[in-house]
Amino acid sequence: MIVVVGLSHRTASISVRELIAIPKDIAPRVLAELVARPSVREAMLVSTCNRVEVVAAGERADAELGEVARDVTRALVERAPGLGEHLYVHEGAAGVRHLFRVASSLDSLVLGEPQILGQVKDAFEAARAAGTLGPRLHRVVSRAIRAAKRVRSTTMIGSGLVSVPSVAVDLARQIFGDLRGRSVVLIGSGEMAETAARLLAGAGARLSVVGRNELRVAELARLVAGEPRPWSDLRAALVEADVVITSTSAPAYVVELELVSSLRKQRRGRSLFFIDLAVPRDVDPAVDGLDNVFLYNVDDLSRVVADSVSSRAREAERAEAIVAEETAGYERWEEAAQVTPTVVALRSRLRRVLYAELDHSLRTKLKHLGAGERDALRRMLDAALNKMLHGPTARLRELAVEHGEEGPSVDQMTSMLGELFALDDPSLEAEPRSVPSDGEPESDETHDETHDEAPRAASGRGAS
């Protein structure tokens, strides 16, 4: 099982979230620091404008959850002291459900927005590239992605107003009515800026794109029939603008109070609206105190979002039911998977006993047998062992999935088997000479039959 530790727009204001926002370029270092903690074996980081969450796992399934949560919490608080009161912790099944809800956009500022699924996928790939994605996170994130795709394909939760950029454009419409001919300046040329630019171009706005990456600025301007402008033109662009939408990844304000204040004479009293989609914020909040200057950030957009939520409430209920079903399915799979080490150990123990007897017989009573006959005996023993264990193995997995409060837990069942067959006794580990040195493949019933959508985990500290 996993642990999720983090904060979001539900628990912290933007002034708190921007303190812990983690840019993509330092994410690998943060992930490496997390898995260097004593209890943390695997880690993935989801950092967006509305949330920063660490999804982590320890060496074993359940025993270390509390310790993993404490280590991750310490790591986040060390980055931003005073953050502790805003953090939430979800452990085990609650963590799985939370991750599934996040990927399905049920915990987003804009219910049903599609960007979060891509952000979860990006976080998955970043963790794999950093070598911090191991078998547990690989399985659970793959299932979360599958659940999110099912929600999007079988419900209408994504209909209508479904993204932060679209909310920003809707707000601009509320301010100006018809956007035709209005001057809109986009500061930043990333994914959110592109989404907003396409919507604004469709509404007839006159676009200018300002950014430090000249190639990206030119490309985005070309896509939306806008005007690319270098960073040195920022002041001139703001003088002309009716609406400014910012979405950079800068660590500090790119639009400062002094700059905006100095524009007022040239603008001759015209109103200027800023819509700041960035975390950390791009626009100094103090500009909102200037005459005829109005500033909205991502938290302010929640008021606009409220108008669109009611129409998708029924779809959200359907989506929640799908997430609950997918979460329960994953929990059943996890329960069954917990018995696999015991099944493998039991099969190995019985096989060792059988091969020890065969080894003794081939050195005494059956020493006259040739190589072909010896191989036939080995194959016969393996076939008999597979048939003998197939029923008990399948039933053990069924009991792991079906056990109720009255019956034994998975740990109790595996412990009883371990004690009955002395599976942990090191004195019984001697390898019979008849067992091939490189071992034999496990029988089919010991394999995990779950096929995840995502690629296998990369090698590294957290990989299997």
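Numbers given to residues run from 1 along each chain, matching the order in which its sequence is written. Only residues with pLDDT of 70 or above have their local features reported here, since the model is predicted, and side-chain atom pairs are shown and tallied only from 80 upward, although totals for entire chains, interfaces and linings are computed over all residues. The basis for the side-chain values is all heavy atoms of the structure; hydrogens and waters are excluded.

1. What to know about the environment of Asp 170
Point 1. Looking at the secondary structure, you find Asp 170 in helix H7 (residues 164–176).
Point 2. Partly exposed residues are those whose accessible area sits between 20% and 50% of the maximum for their type, while under 20% is buried and over 50% is exposed, using a 1.4 Å probe and protein chains only. Accessibility expressed as a relative area gives 23% for Asp 170, which makes it partly exposed.
Point 3. Along the chain, Asp 170 and Leu 199 lie 29 residues apart, while their C-alpha atoms are 9.4 Å from each other. Under the DSSP-based scheme used, a helix requires at least four consecutive residues in state H or I and a strand at least two consecutive residues in state E, with every element numbered from the N terminus.

2. A few points about the sheet that holds strand S9 (residues 272–276)
Point 1. In space, the six strands of this open sheet follow the order S7-S6-S5-S8-S9-S10, with parallel pairing throughout. The sheet is open, and its two borders are formed by strand S7 (227–229) and strand S10 (293–297), each paired with just one other strand. With direction set aside, neighbouring strand axes in the sheet form an average angle of 20°.
Point 2. For strand S5 (residues 183–187) and strand S6 (residues 206–210), the ladder comprises five bridges, and the chain directions are parallel. Paired with Leu 186 across the strands is Val 209, a residue of S6.
Point 3. By definition in these notes, contact holds between two residues if any of their heavy atoms fall within 4.5 Å. Helix axes are fitted only over the stretch in contact, all axes being lines through C-alpha atoms; the angle between N-to-C directions runs from 0 to 180 degrees. H7 rests against strand S8 (243–246), S9 and S10 of the sheet, and its axis sits at about 165° to S9.
Point 4. Where helix H9 (residues 214–223) meets the sheet, its contacts fall on S6 and S7, and the angle it forms with S7 comes to roughly 165°. When DSSP finds two or more bridges between two strands, those strands count as paired.

3. Structural notes on the packing of H7 against helix H8 (residues 191–202)
When two helices pack together, their arrangement is given by the angle between the helix axes and the distance between those axes.
Point 1. Between H7 and H8, whose axes approach to 8 Å, the crossing angle comes to 40°. Compared by their axis directions, H7 and H8 come out oblique. Seen from above, H7 lies across H8 with right-handed handedness. For the pair H7 and H8, contact is made by Val 164, Pro 165, Ser 166, Val 169 and Arg 173 and by Met 192, Thr 195, Ala 196, Leu 199 and Leu 200, respectively.
Point 2. Considering only residue class, the contact of H7 with H8 consists of seven nonpolar, two polar and one charged. Our angle categories are set so that under 35 degrees counts as roughly parallel, over 145 as roughly antiparallel, 65 to 115 as roughly perpendicular, and the remainder as oblique. By convention, the crossing between two helices is left-handed when the near helix turns anticlockwise from the far helix through less than a right angle, and right-handed when the turn is clockwise. Nonpolar residues are Ala, Val, Leu, Ile, Met, Phe, Trp, Tyr, Cys and Pro. Charged residues are Asp, Glu, Lys and Arg, and all others, Gly as well, are polar.

4. Examining the environment of Leu 111
Point 1. If you trace the backbone, Leu 111 turns up in the loop between helix H4 (93–103) and helix H5 (115–130).
Point 2. In the structure, Leu 111 is positioned 52 residues away from Ser 163 in sequence and 8.3 Å away in space, judged by C-alpha atoms.

5. What about the nonpolar core?
Point 1. For the purposes of this section, nonpolar cores are sets of buried Ala, Val, Leu, Ile, Met, Phe, Trp, Tyr and Cys residues that join through side-chain atoms within 4.5 Å. Core analysis: the largest hydrophobic core is formed by 64 residues, its most contacted members being Met 44, Val 72 and Val 140.
Point 2. Counting residues in each nonpolar core, the second largest holds 34 residues, with Leu 171, Ala 197, Leu 220 and Val 224 among its members.

6. Some points on the confidence of the model for the chain
Point 1. The predicted model of the chain has a mean per-residue pLDDT of 82, with 84% of residues at 70 or higher.
Point 2. Taken together, the stretch residues 435–464 has pLDDT below 50 and engages in 69 contacts with residues farther than four places along the chain or on a different chain. Predictor confidence is given residue by residue as pLDDT, running from a minimum of 0 to a maximum of 100.

7. A closer look at the packing of aromatic side chains
Point 1. For this analysis, a ring pair means two rings from Phe, Tyr or Trp (six-membered ring only for Trp) whose centres lie within 6.5 Å, classed as stacked if their planes differ by under 30 degrees, edge-to-face if by over 60, and tilted for the remaining angles. The tally for this structure, following the rule as stated, stands at three aromatic pairs.
Point 2. Relative to Tyr 330, the ring of Phe 100 lies with its centre 6.3 Å away and its plane at 65°, an arrangement referred to as edge-to-face. Taken as a pair, Phe 100 in helix H4 and Tyr 330 in helix H13 (residues 313–337) lie far apart in primary sequence, 230 residues in all.
Point 3. What makes Phe 100 buried here is its relative accessible area of 0%.
Point 4. With a relative accessible area of 1%, Tyr 330 lands in the buried category.
Point 5. On the basis of an interplanar angle of 75° and a centroid distance of 5.4 Å, the ring pair of Phe 176 and Phe 273 is categorised as edge-to-face. You can see Phe 176 sitting in helix H7 and its partner Phe 273 sitting in strand S9, a full 97 residues away along the chain. There is no split in this pair, since Phe 176 and Phe 273 are both buried.
Point 6. An aromatic cluster is defined as three or more aromatic residues linked by ring pairs; in this entry it consists of Phe 176, Phe 273 and Phe 294.
Point 7. In this structure, Arg 212 is placed above the aromatic ring of Trp 231, and the distance from its NZ or CZ to the ring centre is 4.1 Å. The rule for a charge over a ring is simple: NZ of Lys or CZ of Arg within 6 Å of the ring centre, and within 35 degrees of the ring normal.

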